[in-house]
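Topology and contacts: notes
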Amino acid sequence: MYEKTTIGQQLIDNKKHTYYLLEKKSTYGIEITVQLENSDDQYICTQVYFTEDKELARKICHRVCQGTVTVIGLEDVLDDIVA
């Protein structure tokens with residue numbers, strides 16, 4: 001089981017992207033869900049755990065959200081930030 005905190009939302013190509021900070025057993029990560037503009041159904045979701053530092057995870061989640069990172073680019077962006 002894990003905890004999930006909403007960080008923010010962005011509209012990208014008429015799809016709502018919602019960004020979450022995840023916490024699971026003192027490991028933190030990010031989740032992105034995507035849904036069509038006029039739909040309640042989420043149809044893409046990705047989760048990546050990348051640190052044990054909650055504050056670092058929170059800062060990175062905000063940067064990813066503000067930078068309008070999509071599901072497809074998430075792992076590459078995280079690799080660049082955390083490396």
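Here goes a summary of the coordinates provided.

Rules of the game
Residues numbered from 1 in each chain as written. Predicted model: local features only at pLDDT ≥ 70, side-chain atom pairs only at ≥ 80, totals over all residues. Heavy atoms only, no water. Helix = DSSP H or I, 4+ residues; strand = E, 2+ residues; numbered from the N terminus. Rg over C-alpha atoms; globule rule 2.2 N^0.38 Å. Buried < 20%, exposed > 50% of the residue type's maximum accessible area, 1.4 Å probe, protein only. Contact = heavy atoms within 4.5 Å. Lys, Arg positive; Asp, Glu negative; His and termini not counted. Charge placed at Lys NZ, Arg CZ, Asp CG, Glu CD. Expected span 1.5 Å × (residues − 1). Arc of directions from axis to C-beta. Polar contact = N/O pair within 3.5 Å; in protein donor to acceptor, adjacent residues only side chain to side chain. Patch = residues over 30% accessible without salt bridge, like charges linked within 9 Å, V, L, I, M, F, W, Y side chains within 5 Å. Areas by Shrake-Rupley, 256 points an atom, 1.4 Å probe, with all protein chains shown as cover. Salt bridge = Lys/Arg side-chain N within 4 Å of Asp/Glu carboxyl O. Axes fitted to C-alpha atoms, helices over the stretch in contact; angles between N-to-C directions. Parallel < 35°, antiparallel > 145°, perpendicular 65-115°, else oblique. Left-handed = near helix turned anticlockwise from the far one by under 90°. Nonpolar A, V, L, I, M, F, W, Y, C, P; charged D, E, K, R; others polar.

1. Some words on the overall build of the protein chain
Secondary structure summary: the protein chain contains 2 helices and 4 strands in total. Going from the N terminus to the C terminus, the protein chain shows its helices and strands as β-β-β-β-α-α. Here the protein chain has a C-alpha radius of gyration of 12 Å; the compact-globule value for 83 residues is 12 Å, and the two agree. With the C-alpha coordinates of the protein chain rotated into their principal frame, the extents come out at 35 × 30 × 15 Å. Within the protein chain, the fraction of its 83 residues that count as buried is 37%. For the protein chain, restricting intrachain contacts to residue pairs at least 6 apart in sequence, the fraction spanning at least 24 positions comes to 37%. Distance from the positive charge centre (9 side chains) to the negative charge centre (14 side chains) of the protein chain: 5 Å.

2. Some thoughts on helix α1 (residues 54-66)
Look at α1: 18 Å from first C-alpha to last across 13 residues, which is about the 18 Å you get at 1.5 Å a residue. Of the positions making up α1, those classed as buried are A57, I60, C61, V64 and C65. Looking straight down α1, one finds that the buried residues subtend no more than 135° of arc, so they occupy a single side. Looking at α1, the residues exposed on the side facing more than 90 degrees away from the buried face are K59, R63 and Q66. Structurally, the start of α1 carries an N-cap: the backbone nitrogen of E55 is 3.1 Å from a side-chain oxygen of D53. Taken from the residues just after α1, T68 is the one with a positive phi, measuring 50°.

3. Brief notes about a negative patch on the surface
A surface patch of negative charge is lined by E75, D76, D79 and D80. If you trace the backbone, D76 turns up in helix α2 (residues 74-82). Of the residues examined, D76 reaches a relative accessible area of 53% and is grouped as exposed.

4. A word on the packing of α1 against α2
For any two helices packed against each other, the geometry is given by the interaxial angle and the distance between the axes. The geometry of α1 relative to α2 is characterised by a closest axis approach of 11 Å and an angle of 130° between their N-to-C directions. Our classification of the angle between α1 and α2 gives oblique. Classified by chirality, the crossing of α2 by α1 is right-handed. Two secondary-structure elements touch here, α1 through I60, R63 and V64 and α2 through L74, V77, L78, I81 and V82. The residue makeup of the contact of α1 with α2, split by class, is 7 nonpolar, no polar and 1 charged.

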